[in-house]
Amino acid sequence: RNTNRRPAPAAAAAAALAEPTVSSASASASAASSIRVFTLPDDIKQALQEDLLQPRVAVDVTDLRSLEAFLVEVRTIVRSHLASWDPAALGALRSLVALSAGTGPGPTSISAGVVFRNLPLDPYVPSTPTDGSTTLRKPTYVAEAMLLAVGELSGASVVGYESETQYSNPWVHEGFPYPQQQQQQRQQQQPGGDGHGSSASAVGTAAAAATGSALTMPKGMSHHQDMSYHPHPPDLLGLYCLREGHDRTLRTTVILNEDVVDRLPAPALRVLTEDRFQIHASAWVVDGFAAGHEGRPIITPLSSASPSATSSATATATATNDYDNVVGGVGRSDTLDLSIALPVDWTNMVGLDDEAAAALEALGAAIHAAPRYPIHFVEGDLLLFNNRRVVHARSDYTDLRLDGGDRVVDRAYFRREWPSEAARRTRMI
């Protein structure tokens, strides 16, 4: 085997970000079938907002014990309203973390994502700060309550990561573009940019003066799995829109992993399940993960606790595209449940030999050809999806003004299981 290390080529990243060759009507059909949409009636929305504006516990968003007490209260409030409105909504949430379809007493199906529309918001959402702050300093926490409670109603638990410390809240990350001067104090950009195939000229003068982490940068993001560099990535990811912003063309797209794998040649799929890759952490992640993890696969079973431990079994099943043995208990190839660990910055993904690098090229082509589900966030939208069952991307900003009125999206992570007792107690990994 050639041991020359080759990063994922820029062409593969560009292909993954580009629009698919299929028509828009067919592009979203497959993903849409696995992403359910619920629109909250106005009366339920108003009742929820009123209840969430009157928490009985004081909230300190920087203190985990305060957040825990807050979460217990708001989860009960949100559950009661959703259950009385549409029990199917709770079932859809639980299906996000199901590992197989039609087995056991749980959900009878698995799904990739759930979209809730017309959810309650805080009465006042401040302008995005220009003083270097990473938080809006909202006086109320309706959006945080909804994001955390709905995520936990899936059966997973909210989690924070020690390696992502640039946000003011350990559980809820406020996402809005930062001015460049503010970000230069937080990180040094890697030479050559982020490898997403976009440029500052594509997003205008204001965007050229802004940068940031994946959640805050104005440049588009390739399809990826959040925290793919981490040995314990989140199972679910939630995005809650507090402000639509000026840019009405901004899109987040979701692609089912099964649609990607179905378009991979068998030889490339086999290589991607082997320990022949390295994933480095992005520039904004703390130094503990800067070196990445040697000898790991890109594609693993969703139920796998350790990618390396199961790569041989996965390779055996995928050599002939026989996925039933990998998923285990599902019994249908159309419920393929494989994780694709793609970093947000494709230059951080390295094939450890020439065949592995070629497999990454094939992966980029498969993502480019796969159908996708696009969403433009407006106020009160919540997208909750299985971070290990799909890959997601975001387009470039085309109207970024940095005037306090740009888009604001909150993010939170959730996991089914804890890697240690200490992580369970602190909800931090």
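The rules we used
- Residues numbered from 1 in each chain as written.
- Predicted model: local features only at pLDDT ≥ 70, side-chain atom pairs only at ≥ 80, totals over all residues.
- Heavy atoms only, no water.
- Helix = DSSP H or I, 4+ residues; strand = E, 2+ residues; numbered from the N terminus.
- Buried < 20%, exposed > 50% of the residue type's maximum accessible area, 1.4 Å probe, protein only.
- Areas by Shrake-Rupley, 256 points an atom, 1.4 Å probe, with all protein chains shown as cover.
- Axes fitted to C-alpha atoms, helices over the stretch in contact; angles between N-to-C directions.
- Contact = heavy atoms within 4.5 Å.
- Nonpolar A, V, L, I, M, F, W, Y, C, P; charged D, E, K, R; others polar.
- Pairing = 2+ DSSP bridges.
- Salt bridge = Lys/Arg side-chain N within 4 Å of Asp/Glu carboxyl O.
- Core = buried A, V, L, I, M, F, W, Y, C linked by side-chain atoms within 4.5 Å.

**Student:** For the overall build of the chain, give the residues involved together with the corresponding values.
**Tutor:** Scanning the chain from terminus to terminus reveals 15 helices and 19 strands. A total of 429 residues make up the chain; the buried ones form 56% of that total. About 16400 Å² of surface is accessible on the chain, with carbon and sulfur atoms providing 50% of the total.

**Student:** Pulling in residues and values, what's your account of the packing of helix H5 (residues 64–85) against helix H6 (residues 87–95)?
**Tutor:** The N-to-C vectors of H5 and H6 enclose an angle of 115°; their axes lie 5 Å apart at closest approach. The segment H5 lies against H6, with Leu-82, Ala-83 and Trp-85 engaging Pro-87, Ala-89 and Leu-90. For the contact of H5 with H6, the per-class residue count stands at 6 nonpolar, no polar and no charged.

**Student:** Outline the pairing of strand S10 (residues 252–256), supporting the account with residue identities and numerical values.
**Tutor:** Buried residues dominate S10, accounting for 5 of its 5 residues. What you see with S10 is no split at all: Thr-252, Val-254 and Leu-256 on one side and Thr-253 and Ile-255 on the other are buried throughout. Sheet topology places S10 next to strand S18 (residues 390–394); 5 bridges connect them, and they run antiparallel. Residue Thr-252 lies in a different strand from S18, and its bridge partner there is Arg-394.

**Student:** Summarise the pattern of salt bridges; cite the residues concerned and give the values.
**Tutor:** A complete count under the given rule lists 18 salt bridges for this structure. Across the salt bridge formed by Arg-411 and Asp-226, the nearest N and O atoms sit 3.4 Å from each other. A residue pair is termed long-range when its members are at least 10 positions apart, and Arg-411 in strand S19 (residues 408–415) and Asp-226 in the loop between strand S8 (221–224) and strand S9 (236–243) qualify at 185 residues. Here Asp-399 ties to Arg-401 by a salt bridge, and the two come within 3.0 Å at their closest N and O atoms. Asp-399 gets classed as partly exposed once you look at its relative accessible area, which sits at 26%. The exposure class assigned to Arg-401 is partly exposed, which follows from its relative accessible area of 44%. Members of the salt-bridge network, linked through shared partners, are Arg-270, Glu-274, Arg-276, Asp-353 and Glu-355.

**Student:** Explain the environment of Glu-144 to me, and be specific about the residues and the numbers.
**Tutor:** Considering the arrangement of structural elements, one finds Glu-144 in helix H7 (residues 142–152). Not counting residues within four places of it along the chain, the set of residues in contact with Glu-144 comprises Asp-122, Lys-138, Val-172 and Asp-410.

**Student:** Give me the lowdown on the nonpolar core, citing residues and values where you can.
**Tutor:** The biggest cluster of nonpolar side chains holds 50 residues, and the ones touching the most others in it are Leu-272, Ile-298, Ile-299, Ile-340, Leu-342 and Leu-363. The element best represented in this core is helix H14 (residues 354–369), accounting for 7 residues. In this structure, Val-97, Ala-145, Leu-147 and Trp-171 belong to the second largest nonpolar core, which totals 47 residues.

Coordinates in, geometry out; function isn't part of it.
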